[in-house]
Amino acid sequence: MSKKIQAIRGMNDLLPDQSPLWQYFEGQVRALMGRYGYDEIRTPIVEQTALFKRSIGEVTDIVEKEMYTFEDRNGDSLTLRPEGTASCVRAALEHGLLHNQTQRLWYQGPMFRHERPQKGRYRQFHQVGVECFGLEGPDIDAELILLSARLWKQLGLFEHVTLELNSLGSPEARSAYRDKLVSYFEAHLDVLDEDSRRRLTTNPLRILDSKNPDMAAMLADAPRLMDHLDEASKDHFERLTAMLDAAGIAYVVNPRLVRGLDYYTRTVFEWTTTALGSQGTVCAGGRFDGLVEQLGGKPVPAVGFAMGIEHLVLLLDTLDLVPDEARGELDVYLLPMDEAAEPAALLLAERLREAMPELRAQLHCGGGSFKSRIKKADKSGARLALLLGEDELAENAVTLKFLREDREQQRLEQATLAETLTSLLAGEPLA
């Protein structure tokens, strides 16, 4: 026998029993984006490698270690996208979406990073991203945070997440702060781990993100970026927090919340949870006013966020927050009791689907003994079975069998079957 080919490590199949959870989450997101007036954009999963080197930076873990990069047959260097913001900006620039206009965009899809796979984090992972262009005030920052908060409320997650905020200030203020931070870390080289020493010359702000407990005390005493903000950034942050206060959104100012990329400015935020054990980030965002210019456009203020679908679906499932009706369970299993009834059952199934567009009905196919057909009906997970045999055909009726309740079978007329099923599935008693 030939050796079986398996999926690539860290790139998982989404099986039928998991798909309804994803569809539920994605449906909630899509509806919410429409309510806020955000338009969907879809970009290729493969881009020129230069896009990510220029946006993310060549001296970053993502570019140096994690990207899936290859040469195509023309010798061009291409990369599977490791995140969505750069592709969104590239598309907006390429198609003239940012010329003297504002844009509120969102997207969802797979991203790729060669990281160590673990629960909720994979080498092919999926994100929802939201990006707004052309608006520089704190009001759009607040709207994005309120939008995400509304999603948590819709999903039942609001009590399980915490909002953390910080400001990175202007590039000039952050550069001056960077010098102070490097001096502080150089005075504590004996405490820095190997990874932090490497970042000291390339990305010192990311040292503040370290989870190394041996560095916790030293990091707690490090200079705070919030104490070195320029006046305009201070005003922006104060106006943002005032809006969140007025909206009743609680938050924690976290001075160690940073972004390692130079194009980030002013507001940064994360929603975190401890519901899955150790603290984890479920959504992260911030202003990236420098990115459009960095990718060849004129300066355009921008802000956005991204959330990992795998992590959020795991959270919803763990907390049992997915409604039963969203799990894709069948309402009805149509069961012809013998071969003679199969054509009539096929037509009945189509009539019911025509009359009841929301009905989830499956027709038994493949024959078999009556006992095996009943077993398949039960295994389908459907609430009800509609049996069609010689007697039912003669009477233009069906036999209703309750698969999940201890109730007697009933004979129902086909002429009024759609109305009867509608009432029954709504929880109304049979007449």
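What counts and what doesn't
- Residues numbered from 1 in each chain as written.
- Predicted model: local features only at pLDDT ≥ 70, side-chain atom pairs only at ≥ 80, totals over all residues.
- Heavy atoms only, no water.
- Buried < 20%, exposed > 50% of the residue type's maximum accessible area, 1.4 Å probe, protein only.
- Helix = DSSP H or I, 4+ residues; strand = E, 2+ residues; numbered from the N terminus.
- Pairing = 2+ DSSP bridges.
- Axes fitted to C-alpha atoms, helices over the stretch in contact; angles between N-to-C directions.
- Parallel < 35°, antiparallel > 145°, perpendicular 65-115°, else oblique.
- Contact = heavy atoms within 4.5 Å.
- Nonpolar A, V, L, I, M, F, W, Y, C, P; charged D, E, K, R; others polar.
- Phe/Tyr/Trp six-rings, centres within 6.5 Å; stacked < 30°, edge-to-face > 60°.
- Lys NZ or Arg CZ within 6 Å of the ring centre and 35° of its normal.
- 1 Å grid on protein atoms, 1.4 Å probe; cavity = no way out; pocket = protein on both sides within 12 Å on 5 of 7 lines; lining within 4 Å.
- Points joined across faces, edges and corners; volume = space filled by probe spheres on them.
- Salt bridge = Lys/Arg side-chain N within 4 Å of Asp/Glu carboxyl O.

Student: Help me understand the pairing of strand 5 (residues 103-112), please; the structure alone is not making it clear to me.
Tutor: Here is the key point about a regular strand: its side chains alternate between the two faces of the sheet. In terms of burial, strand 5 is a largely internal element, 7 of the 10 residues being buried. Pairing geometry for strand 1 (residues 39-40) and strand 5, over 2 bridges, is parallel. When the sheet's bridge partners are listed, Glu 40 is paired in strand 5 with Trp 106. Bridge count for strand 5 against strand 6 (residues 124-133) is 10 bridges, and the pairing is antiparallel. Directly across from Pro 110, in strand 6, lies its bridge partner His 126.

Student: Help me out: how do you make sense of the packing of helix 1 (residues 19-35) against helix 11 (residues 309-318) in this one?
Tutor: Two numbers describe a pair of packed helices, the interaxial angle and the distance between the axes. At a closest axis distance of 10 Å, the pairing of helix 1 and helix 11 adopts a crossing angle of 110°. When the interaxial angle is binned, helix 1 and helix 11 end up roughly perpendicular. Of helix 11, the residues touching helix 1 (which contributes Leu 21, Trp 22, Phe 25 and Glu 26) are Ile 309, Glu 310, Leu 312, Val 313, Leu 316 and Asp 317. The residue makeup of the contact of helix 1 with helix 11, split by class, is 7 nonpolar, no polar and 3 charged.

Student: Would you mind going over the sheet that holds strand 9 (residues 265-273) with me for this structure?
Tutor: Each strand in a sheet pairs with its neighbour through backbone hydrogen bonds, running either in the same direction (parallel) or in the opposite one (antiparallel). The mixed open sheet is built from 8 strands, whose spatial order is 1-5-6-11-10-9-7-8. Only two strands of the sheet have a single partner each, and these edge strands are strand 1 and strand 8 (252-253). In this sheet, strand 11 (residues 302-308) lies alongside strand 10 (residues 280-287) in antiparallel orientation, the contact comprising 5 bridges. Bridge pairing links Gly 286 to Gly 304 in strand 11. With respect to the sheet, helix 9 (residues 231-247) is in contact with strand 7 (162-167), strand 8, strand 9 and strand 10, its orientation differing from that of strand 7 by roughly 160°.

Student: Any chance you could explain the packing of aromatic side chains here in plain terms?
Tutor: A ring pair, where both rings are aromatic, is described by two values, the distance of the centres and the angle of the planes. Using the criterion set out here, one finds 5 aromatic pairs in the structure. Between Phe 269 and Phe 305, the ring centres sit 6.4 Å apart and the planes meet at 70°, which makes this aromatic pair edge-to-face. On the criterion of sequence distance, the pair formed by Phe 269 in strand 9 and Phe 305 in strand 11 is long-range, its members being 36 residues apart. Like Phe 305, Phe 269 is buried. Ring pairs connect the aromatic residues Trp 152, Phe 158 and Trp 271, which therefore count as one cluster. Sitting over the ring of Phe 158, Lys 153 keeps its end group 5.0 Å from the ring centre. In this structure, Arg 407 packs its charged tip against the face of Phe 402, placed 4.1 Å from the ring centre.

Student: Looking at this structure, I do not really get the layout of surface pockets. What am I missing?
Tutor: Where empty space is left in the structure can be found by rolling a water-sized probe over the atoms. By volume, the second largest pocket is sized at about 430 Å³. Leu 14, Gln 18, Trp 22, Tyr 122 and Glu 310 are, among the 18 residues lining the second largest pocket, the residues nearest its centre. Going through the elements one at a time, helix 1, strand 6 and helix 11 are the ones with two or more residues in the lining of the second largest pocket. Looking at the lining of the second largest pocket residue by residue, the class counts come to 6 nonpolar, 6 polar and 6 charged.

Student: For this particular structure, what's the right way to read the pattern of salt bridges?
Tutor: Pairs can form between side chains of opposite charge whenever their charged atoms are close. Counted by the stated rule, this structure contains 21 salt bridges. The residue Arg 30 makes a salt bridge to Glu 40 at a minimum N-O spacing of 2.9 Å. Within this pair, whereas Arg 30 is found in helix 1, its partner Glu 40 is found in strand 1, the two being separated by 10 residues in sequence. Arg 30 gets classed as partly exposed once you look at its relative accessible area, which sits at 39%.

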